Amino acid sequence: MRTILKTIAILGIAVFLPSPFPVWGQPTPTVDSVGRALADRQPGGVVIGVLHDDRTSVHSFGAADSTGSAPTARTLFEIGSVTKTFTGLLLADAIARSPVDSSTPVAALLPDSVALAPADSTTMTLAHLATHRSGLPRLPANLNPAVRPDDPYAAYDAQALHAFLDGHVPPRPPGVQYEYSNLGVGLLGHLLARRADTTYAALVRQRITGPLGLSDTRAALSKEQRRRVAQGHNRAGAPTSPWHFEALAGAGALRSSAADMLTYLRTHRRALRADPDSTSILARAMRRAATPHAPTGREGTRIGYGWHQSTRGGHRIVWHNGGTGGFRSFVGLSRETGRGVVMLVGTAVASDQVTRAGWDLLRASRPH
């Protein structure tokens, strides 16, 4: 298993772990300085969106593809683990609609043929999956990157997922420790879609992106949308192939644009500030998903359903980052100021670099 995980890390599959937190108190960069620094050092487009008061601004840098065209607010990028915030929101929405609750056992939504062995008498629940406290590993041992090294999740289907879970004994009981797990959140998306008798992609469209008007936030793209997808690049600057997901779609399958992600953040901001008794089911679900539920073991940071909330310099920041073989992303919202930042990068640069820049832009006093 150690050899498999080492191979996976080399291939860039396990890139979704939230980065160490930025150091506050350093000189605050501007959107232009961040964007140019990213675009000047490697190929690939960069789009930075800023939500400030009721205004948004979108700033583009570099080239979206081999034609040299600049990316725009509607250019699509793979957003990687930012997808996990949608999966957490699906759980919160399902709880609000009452088909499940936070304490629903994982085993109850698996096929009868799959026997998930407990680490002790503690029952693994949907909330454990959403908060990375399930005891499941970051990735399943039977995810073999050699099958499709350029698209490593595409061949991992429900049969493979169920085969891994059947008889698997987690190394620690659920709820004991935060351990970031693509497997856990991917399983959550799989279970919620199975409970709704649909696919993960269809459930996201029905419950989130459709109601919010996020027409460019999808797992599978139309022909017209494919023409607007940025070209991804690996760390060496070589073009990469698109990633696709099957059973673990909830961990990182979505693509989106800066325009859609700014709408997503604005809607969260409104939901977090609204009267909880006078808003829609989806708004109430957003508040539940973004509310910290458990500690992560990192100072000042707690985990909600997908979203992390970190407190630094008096700011409570709700955020997530993401990455695939050729892309990096960051979305964040300040609970105090209401500022939001979206960063979409068409190269697999170091996640820390993008996350630190996103945090710094969130504490900027103005959007430019």
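Structure: see above.
Once a new chain begins, its residue numbering starts again from 1 and follows that chain's sequence as written. In view of the model being predicted, local features appear only for residues whose pLDDT reaches at least 70, and side-chain atom pairs are presented and counted only at 80 or more, with totals across whole chains, interfaces and linings using the full set of residues. Side-chain numbers come from the whole structure's heavy atoms, not from hydrogens or water.

A. Representation of the overall build of the protein chain. In terms of regular secondary structure, the protein chain is built from 11 helices and 10 strands. The reference for a compact globule is 2.2 Å times residues^0.38; the radius of gyration itself is calculated from the C-alpha atoms. In terms of overall dimensions, the protein chain is globule-like: its C-alpha atoms have a radius of gyration of 19 Å, near the 21 Å expected for 368 residues. Principal-axis analysis of the C-alpha atoms gives the protein chain an extent of 55 × 50 × 40 Å. Whether a residue is buried, partly exposed or exposed follows from its accessible area with a 1.4 Å probe, protein chains only, as a fraction of its type maximum: under 20%, in between, or over 50%, in that order. Going through the 368 residues of the protein chain one by one, you find that 57% of them count as buried. We call two residues in contact whenever any of their non-hydrogen atoms come within 4.5 Å of each other. Of the contacts made within the protein chain by residues no fewer than 6 positions apart, 69% connect residues no fewer than 24 positions apart. In this description, accessible areas are obtained by the Shrake-Rupley approach with a 1.4 Å probe, and a residue is regarded as covered only by the protein chains that are shown. A total accessible area of about 14600 Å² is found for the protein chain, and carbon and sulfur atoms account for 49% of it. Charge counting follows a simple rule: Lys and Arg are positive, Asp and Glu are negative, and His as well as the terminal groups are ignored. The atom standing in for a charge is NZ when the residue is Lys, CZ when it is Arg, CG when it is Asp and CD when it is Glu. In the protein chain, 40 side chains carry a positive charge and 26 a negative one; their mean positions are 4 Å apart. By definition, any uninterrupted DSSP run of H or I lasting at least four residues is a helix, any uninterrupted run of E lasting at least two residues is a strand, and each is numbered from the N terminus.

B. Local environment of the nonpolar core. Grouped together as the largest cluster of nonpolar side chains are 73 residues, with contacts concentrated most on Phe86 and Leu126. Every residue in contact with Phe86, bar those within four places of it in the chain, is listed here: Ile79, Tyr200, Val204, Ile208, Thr209, Leu214, Thr217, Leu254, Met261 and Tyr264. Working definition of a nonpolar core: buried Ala, Val, Leu, Ile, Met, Phe, Trp, Tyr and Cys residues. They are joined through side-chain atoms within 4.5 Å.

C. View of helix 6 (residues 182-195). Under the convention used throughout, the expected extent of a helix is 1.5 Å for every residue step, that is, one less than its residue count. Its 14 residues place the ends of helix 6 20 Å apart at the C-alpha level, agreeing with the 20 Å of an ideal helix rising 1.5 Å per residue. Of all 14 residues in helix 6, 12 are buried; the element is thus mostly enclosed. Every buried residue belonging to helix 6 is among Asn182, Leu183, Gly184, Val185, Gly186, Leu187, Leu188, Gly189, His190, Leu191, Leu192 and Ala193, and all of these are buried. Of the surrounding secondary structure, the elements contacted by the buried residues of helix 6 are helix 3 (83-97), helix 4 (126-130), helix 5 (158-165) and helix 7 (200-212).

D. Structural view of the pattern of salt bridges. The rule for a salt bridge is simple: a side-chain nitrogen of Lys or Arg has to be within 4 Å of a carboxyl oxygen of Asp or Glu. Per the stated rule, a full pass over the model turns up 10 salt bridges. In this structure, Asp93 and Arg97 form a salt bridge, with 2.8 Å as the shortest nitrogen-oxygen distance. Residue Asp93 and its partner Arg97 are located together in helix 3, separated by 4 residues, close to a single helical turn. Since its relative accessible area comes to 2%, Asp93 is described here as buried. A salt bridge links Glu224 to Arg228; the shortest N-O distance between them is 2.7 Å. Each of the salt bridges in this network shares a partner with another, and the network as a whole consists of Asp93, Arg97 and Arg207.

E. Seen up close, unusual backbone geometry. In the Ramachandran plot, Ser98 falls in the positive-phi region, its phi being about 80° despite a non-glycine side chain. What makes Ser98 exposed here is its relative accessible area of 58%. Although it is not a glycine, His132 sits at a positive phi angle of roughly 55°. Topologically, His132 is positioned in the loop between helix 4 and helix 5. Using a relative accessible area of 2% as the deciding quantity, one classes His132 as buried.

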